[in-house]
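# Structural features, examined
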Amino acid sequence: MCGISAYYGKENGVPIILQGLQRLEYRGYDSAGLALLKNNEIEIIKTKGKITELKALAEGRSANIVMGHTRWATHGEPNYINAHPHSSADNSIAIVHNGIIENHAELRKELQEKYNYKFTSQTDSEVIAQLIQFFYKGDFEEAFRKMLTKIEGAFGIVALHKDHKQMLCARKGSPLVLGIKEGEYFIASDPTPFLEYTKEVIYLNEKQMAVIDDTGYKVKDFNGFNLTTELETVPYGIEAIQKGGFEHYMLKEIFEQPETILNCFRGKIRHIDSISIKKENIKRIIFVCCGTSFYAALVGKYIIEKTVNLPVSVEYASEFRYRQPMLFPTDLVIAVSQSGETADTLEAIRLSKSLGCNVAGIVNVTGSSIAKECGQGIYLHAGPEIGVASTKAFSSQIIAFILLSMYFSQNPYFRKEVIEDLEELPAKVKAFLQIQNIQSIAEKYKHAKFFMYMGRDINYPVAREGALKLKEISYIPAEGYAAGEMKHGPIALIDENTPSVFIVTKDSVYEKVISNMEEVKCRKGKIICICDEITEEIERLTNDIILVPKVRWELTPIINVLPLQLLAYYIAKANGREIDQPRNLAKAVTVE
Ligand code: M6R
C-alpha cells in the first residue's frame with residue numbers, strides 16, 4: 001500500500017507534497033516523511049504520526065524538489081526509524097517505496113557481510129537506497145537502473161541523489177502516475193495529490209521508469225531506452241476528492257450514490273452491445289476479487305445465473321491464485337476491484353491469462369493496473385472512493401453486473417424492463433437517503449458486543465457486506481450469514497443482548513426469512529429489520545424497522561445496502577472511531 005507524492009518544479013514543493021500526502025492517507029497512515037533536495041543536500045523529515053504531525057515538523061521549510069511518503073507497514077513496525085524516506089548509509093541518496101522487495105533479506109545480507117554496509121531500519125525498502133549507493137560511480141540514472149536489475153517483488157520507487165538535479169522513479173507492480181505541467185512535474189501513487197495543478201497525466205506501465213530534470217521528463221524502459229507515451233486527462237476534478245461539507249468521506253460517498261449509480265449505467269444501458277468484452281464461446285464466468293468486491297460479485301452470481309443461465313463462480317483472489325484452479329479457454333475470468341490495484345486480484349488475472357482464459361475487469365479507477373492488464377471490461381465511473389470502507393463502489397459494481405447480464409442476455413423484454421427500472425433507481429436511492437431513522441437505531445445499539453446480519457438469496461451477500469462494514473469501522477465483531485444457515489451453528493450466539501439485522505424483502509424467500517426471525521425472537525434476540533413493506537409479522541417480530549423503497553429483485557441489494565452502510569457509519573461515529581481511516585487498514589491492498 002503506502003502513498004507516494006513527489007514534486008519537481010519552480011515552486012516550494014513542501015506544502016504541495018504535504019497536501020498531496022494528506023490525500024493519499026487512505027493508502028496508509030502508520031508514519032510519514034519528506035525528503036527535500038536543495039543546495040546539494042537532502043534533508044529528511046519524518047514522523048511516526050500522521051501528515052498533520054509532519055506538517056508541523058516541516059513548518060517553514062522550502063525546496064523545489066521534494067518527495068513524500070505515507071506508510072502502511074509491511075516490514076518493521078510503524079515507528080520513526082522505519083518511516084520513509086530511507087537513505088543510503090552515506091546519506092547521498094534518498095528513496096520512497098511502495099510495494100514489497102521480496103529478496104531484500106539476501107541483498108541486505110550480501111551488502112552487510114561482503115561490503116560492510118550498515119542498515120538502520122527493519123524495512124525491505126532501505127536496501128533500495130543502499131544498492132543505488134553501491135552501484136553509484138557518478139551517474140545516478142545508471143546506478144538506479146542497476147539497482148532495478150537486482151530487486152525482486154513489487155515496487156513504485158522515487159529516488160533523489162544530493163549531487164544530481166534529477167528525480168528518478170520506476171514502477172513494477174505498484175502504481176505510479178506522472179503529472180505534467182509546463183516546467184513542473186509530479187509523481188504520485190494516483191493523480192489526487194496534484195489535481196489542482198494539472199489533469200494531464202502519464203500512467204507508468206509495468207517496468208517503466210521516468211527521469212525528470214530541468215530539460216523535462218523522459219519515460220524509459222528499465223534498460224534506459226526512451227519510450228513514447230501518451231498524455232491522458234484525469235476524468236474528474238478537485239471537488240471529487242473534497243469532503244464537500246460532509247464530516248467524513250464515507251458519509252459523502254454514501255450520499256453520492258444516486259449520482260454514482262447513474263454514472264455507471266448512463267451511456268451504457270441504451271447501447272448495451274457496445275460493452276467491450278468478448279463473449280463468443282464463453283461457457284462460464286469466474287469473478288476474482290477481495291473484500292467488498294467479493295460480496296458484490298456474489299450478488300452478481302445470483303443475477304447472472306438467474307437471468308442469463310450461465311454458470312458463475314466467485315473466488316477470493318488470494319485463494320484462487322494459489323490453488324491450481326481448473327481453467328479452460330471458454331472461461332471468462334473477471335477481476336472485480338474498486339481500486340484496480342489489489343495485488344491478489346491482479347495476480348489472479350495474470351494467472352488466468354497465462355492459462356489461455358478470456359479476462360476482463362469491472363474496475364473503478366481508470367488507468368489502474370488491473371484495468372490495463374485486462375484491456376477490456378466495464379468502468380464504474382463512481383469517482384474517487386477515499387473512505388477506506390467501500391460504499392459507492394459496491395452499488396456501482398452491482399449495476400455493472402446488471403449491465404453484464406443485459407449484455408449476455410438476448411432477451412429484449414428483460415433488457416427493456418431493466419432499463420425502465422434502472423432509470424427510476426437513482427431517485428429512489430436519493431429519497432431513501434433523505435428520510436431515515438438510522439442514527440437513533442445506532443445510538444440504541446452502539447454498545448452491543450456482537451451483531452448478526454442475515455439475509456437470503458440475493459440479499460445473503462448483502463448481509464455479509466453489512467457485517468464487514470460494521471467490523472472494519474467500528475471494530476465490533478459481526479457475522480454475516482445466510483439466514484437459512486443460522487440453525488446450523490450461529491444461532492448459539494443469539495441471546496437477549498445480540499442485535500440481529502435481518503434483510504427481509506417481499507420476494508420468493510420472504511416467508512423463509514420470517515421463520516428465521518421467529519427463531520431469533522423466541523431466543524429473546526433483538527431484531528432490526530430492513531424491509532420494503534411493513535407487514536403484520538414484521539411489526540410483531542422486530543424491535544426496529546428500516547423501511548426501504550420497493551425495487552425489482554436485481555436491484556434490492558443496492559437499496560438494502562444503504563441502511564447497512566449508514567448503520568455501520570453511525571455506530572462507529574457514536575463510538576468515536578476514526579471512520580475514514582480505521583486501524584490496521586488501507587484502501588488499496590497492493591501487497592499479497
Ligand atoms: O479495490 P478492491 O475492490 O480490489 O479492494 C478489495 C478490498 O480490499 C476492499 O473491498 C476492502 O475489503 C474494503 N476495505 C471494504 O470496505
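Computed from a predicted model, the values in this text were never measured in an experiment.

## Focus on the sheet that holds strand β11 (residues 200-203)
The strands that make up a sheet are held in pairs by hydrogen bonds between backbone atoms, and each pair lies either parallel or antiparallel. Strand order in the open sheet made by the 8 strands is β3-β2-β4-β1-β10-β9-β11-β14, with antiparallel pairing throughout. Because the sheet does not close on itself, it has two edges, and the strands there are β3 (41-47) and β14 (232-233). As defined by bridge partners, β11 adjoins β14 across 2 bridges and the pair is classed as antiparallel. Note on β14: the bridge partner recorded for Val 201 is Glu 232. Against the sheet, helix α1 (residues 13-24) engages β1 (3-8), β2 (31-38), β4 (65-71) and β10 (184-188), with an angle of about 160° to β1. Of the strands in this sheet, β2, β3 and β4 touch helix α2 (residues 51-58), which is tilted by about 140° from β3.

## Section: the side chain of His 104
Take His 104: it is sitting in helix α3 (residues 104-115). Among the residues examined, His 104 registers a relative accessible area of 14% and is labelled buried. Filtering out sequence-adjacent residues up to four positions away, His 104 remains in contact with His 75, Thr 123, Asp 124 and Val 127.

## A closer look at the packing of helix α4 (residues 126-135) against helix α5 (residues 140-150)
Across the interface, α4 lies against α5 with an axial gap of 8 Å and an inter-helix angle of 125°. As summarised for this structure, α4 and α5 are arranged oblique, according to the angle between their axes. The hand of the α4/α5 crossing is right-handed. Where α4 approaches α5, its residues Ile 128, Leu 131, Ile 132 and Phe 135 are matched on the opposing element by Phe 140, Ala 143, Phe 144, Lys 146, Met 147 and Lys 150.

## Notes on the nonpolar core
Core analysis: the largest hydrophobic core is formed by 92 residues, its most contacted members being Ile 285, Phe 287, Leu 425, Phe 451 and Tyr 453. Per-element accounting of this core gives the leading share, 12 residues, to helix α18 (residues 556-574). A domain split of this core shows at least three residues from each of domain 2 (243-433) and domain 3 (436-581). Filtering out sequence-adjacent residues up to four positions away, Phe 287 remains in contact with Ala 297, Gly 300, Lys 301, Ile 304, Val 312, Ser 313, Val 314, Glu 315, Ile 334, Val 336, Phe 401 and Leu 404. Counting residues in hydrophobic clusters, the runner-up holds 30 residues, among them Val 14, Leu 36, Ala 58 and Val 234.

## Concerning the layout of surface pockets
Considered as a void within the structure, the largest pocket measures approximately 600 Å³ in volume. For the largest pocket, the lining is made up of 36 residues, of which Tyr 236, Asn 364, Val 365, Gly 383 and Pro 384 are closest to its centre. Looking at the lining of the largest pocket element by element, the count peaks at 3 residues for helix α7 (residues 257-265). A class-by-class count of the residues in the lining of the largest pocket yields 14 nonpolar, 12 polar and 10 charged. Of the residues that make up the lining of the largest pocket, three or more belong to each of domain 1 (3-239) and domain 2 (243-433). A volume near 460 Å³ is recorded for the second largest pocket. Considering the residues around the second largest pocket, the lining is formed by 24 residues, among which Gly 291, Thr 292, Ala 586, Lys 587 and Val 589 are closest to the centre. Partitioned by chemical class, the residues of the lining of the second largest pocket number 11 nonpolar, 9 polar and 4 charged.

Rules of the game
Residues numbered from 1 in each chain as written. Predicted model: local features only at pLDDT ≥ 70, side-chain atom pairs only at ≥ 80, totals over all residues. Heavy atoms only, no water. Pairing = 2+ DSSP bridges. Helix = DSSP H or I, 4+ residues; strand = E, 2+ residues; numbered from the N terminus. Contact = heavy atoms within 4.5 Å. Axes fitted to C-alpha atoms, helices over the stretch in contact; angles between N-to-C directions. Buried < 20%, exposed > 50% of the residue type's maximum accessible area, 1.4 Å probe, protein only. Parallel < 35°, antiparallel > 145°, perpendicular 65-115°, else oblique. Left-handed = near helix turned anticlockwise from the far one by under 90°. Core = buried A, V, L, I, M, F, W, Y, C linked by side-chain atoms within 4.5 Å. Domains from an automatic or database assignment. 1 Å grid on protein atoms, 1.4 Å probe; cavity = no way out; pocket = protein on both sides within 12 Å on 5 of 7 lines; lining within 4 Å. Points joined across faces, edges and corners; volume = space filled by probe spheres on them. Nonpolar A, V, L, I, M, F, W, Y, C, P; charged D, E, K, R; others polar.

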